[in-house]
Every structure is written in structure tokens, then in C-alpha cells.
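Structural description and commentary
One letter stands for each residue in the lines below.
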Amino acid sequence: MLNEALQYLQLQFPIIPLCSHDHSCMSRIHLSTCKSPGKRPLIKNWQDAGIPSEQQVKDWFRRWPTANIGIILGISSGLVALDVDGPFGFAKLEELAGGNLPETWQFSTPGGGMRYLFSIPPGIGCPKFTFRDPDTSHQHSELAILGDGSCTVLPPSLHRNGGTYAWIKSPEWPGLQ
Ligand SMILES: [Zn+2]
């Protein structure tokens, strides 16, 4: 995961370390408080951490060799993520985008969802907003816009179910840089 983290750093991505999907290498305090294996930031004040130094990234993965990689979203990074889950999430996205979603960085999530990353203009905030499936019997069926105060996992991080987040259109994809 360190190599991928260093590649993201070359792209000037504001990455952060997230806890491991199986909670290996995590502290006892972390184990007793974290309910989101693979998703919780491991550094304090991560919302304002900015782009780390190469040494910082190496230190993170020396300390937590099994950590996942996350990225800061919202006004502090200029990036927002669309988190699409379940039939409702995909239908809502289709409805809002009118079948015309601009090409952008895109990766699949091991739960069957999709995540799109978009850049937003500097200095513009974007609070988190969630469209929920009105049928509450459908678990993980929603469309969420993740922005200020949020972060998202990046490929090739591992999900707690053992699956891997995987790029469909990566930051190296032609025309998307
Ligand atoms: Zn955790």
C-alpha cells in the first residue's frame, strides 16, 4: 500500500492513513472505539492535514503496515466524492445526472457500490448530503455527496469483507488529470 500512497502523493493528493480492514496493527484504544474497520483516519485533525510529506507517508506505513489509504474531501482538498450504493443510489444518480455524468475518476467498492471523484473550485465548500432510499428495509441503498469534513477510502484499500476497492478510471486515465 505504501507504493500506491507514494504515487498518490506525486499527484498531490491529500492522503491520510485509515485503519486496516481487519484491524491488524491497530492499538487497543482503536480496537475499543472504532466501529468502521478499514475506514477510520489514524491521525488527528486529519480534516486540515493537507498534503503530507513523503517522510510522513513512510512513517505512517512503518507504524501501521496494514493501513488503508484515504483522501481528504471538501474545501480543504477541492475534491468531492459521489458515493453510490444499491439500486436506489444508482437510480438517483441517473435521475440527477440525466444520464449525462461527466467522465471522472471512478472506482468500484467491494460492497457493489461505485464512487466518483470530482474537483470543485478553490474556496468553495460542499457539505455532506445524502439521498436515502425511502424503503428503509434496503440496507446501504443511497446516494451520498461527500465533501467538507469527510474522507473516502482509495484503491487498492481493502474492505472489511476482504474485497478490494478498484479503479475503473484511475487518475492516470487519459484526459482526466
Ligand atoms: Zn478501525
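Report on the accompanying structure. The structure presented is a predicted model; accordingly, all values stated were derived computationally and were not measured. The numbering scheme is per chain: residues are counted from 1 as the chain's sequence reads. Residues qualify for local features only when their pLDDT is at least 70, as the model is predicted, and side-chain atom pairs are given and counted only at 80 or more; totals for whole chains, interfaces and linings, by contrast, use all residues.

Comment: elements are numbered from the N terminus, with helices defined as DSSP H or I runs of at least four residues and strands as E runs of at least two. In terms of regular secondary structure, the protein is built from four helices and nine strands. Listing each helix as α and each strand as β along the protein from the N terminus yields α-β-α-α-β-β-α-β-β-β-β-β-β. Judged by the C-alpha coordinates and their principal axes, the protein covers about 45 × 40 × 25 Å. For the purpose of contact definition, each residue receives a C-beta atom placed from its backbone, and two residues are in contact when these atoms lie within 7 Å. When contacts within the protein are restricted to residue pairs at least 6 apart in sequence, long-range pairs at least 24 apart make up 69% of them.

In this section: the environment of Ala-166. In this structure, Ala-166 sits in strand 9 (residues 166-169). Distance from Ala-166 to Phe-107, taken between C-alpha atoms, is 5.3 Å for residues 59 residues apart in sequence. Not counting the four nearest positions on each side in its chain, Ala-166 is found in contact with Phe-107, Ser-108, Pro-155 and Pro-156.

On to the nonpolar core, then. We define the nonpolar core as any set of buried residues of the types Ala, Val, Leu, Ile, Met, Phe, Trp, Tyr and Cys, connected via C-beta atoms lying within 7 Å of each other. Each residue is classified by how many other C-beta atoms fall within 10 Å of its C-beta atom, where C-beta atoms are placed from the backbone; a count of 20 or more means buried, 12 or fewer means exposed, and values in between mean partly exposed. Counting residues in hydrophobic clusters, the biggest one holds 32 residues, and the most contacted among them are Leu-18, Leu-73 and Ala-81. Looking at this core, the element that brings in the most residues is strand 3 (residues 79-85), giving five residues.

Strands pair in a sheet through their backbones, by hydrogen bonds, and they do so in one of two ways: parallel or antiparallel. Here a strand pair is declared whenever DSSP counts at least two bridges between the two strands. Spatially, the three strands line up as an open sheet ordered 1-2-8, and their pairing is antiparallel. What marks the edges here is a single partner per strand, and that holds for strand 1 (15-18) and strand 8 (151-154). Strand-to-strand, the axes of this sheet are offset by a mean angle of 40°, without reference to chain direction. Relative to strand 8, strand 2 (residues 68-72) runs antiparallel, the two being bridged by four bridges. If you follow Ile-72 over to strand 8, its bridge partner there is Cys-151. All axes here are fitted lines through C-alpha atoms, helices being fitted over the stretch that makes contact, and every angle between N-to-C directions spans 0 to 180 degrees.

Strand order in the open sheet formed by six strands is 6-7-3-5-4-9, with antiparallel pairing between adjacent strands. Both outer strands of the open sheet, strand 6 (129-132) and strand 9, are each paired with one neighbouring strand and no more. Within the sheet, the average angular offset between the axes of one strand and its neighbour, ignoring direction, is 20°. Bridge count between strand 6 and strand 7 (residues 142-146): four bridges; the pairing is antiparallel.

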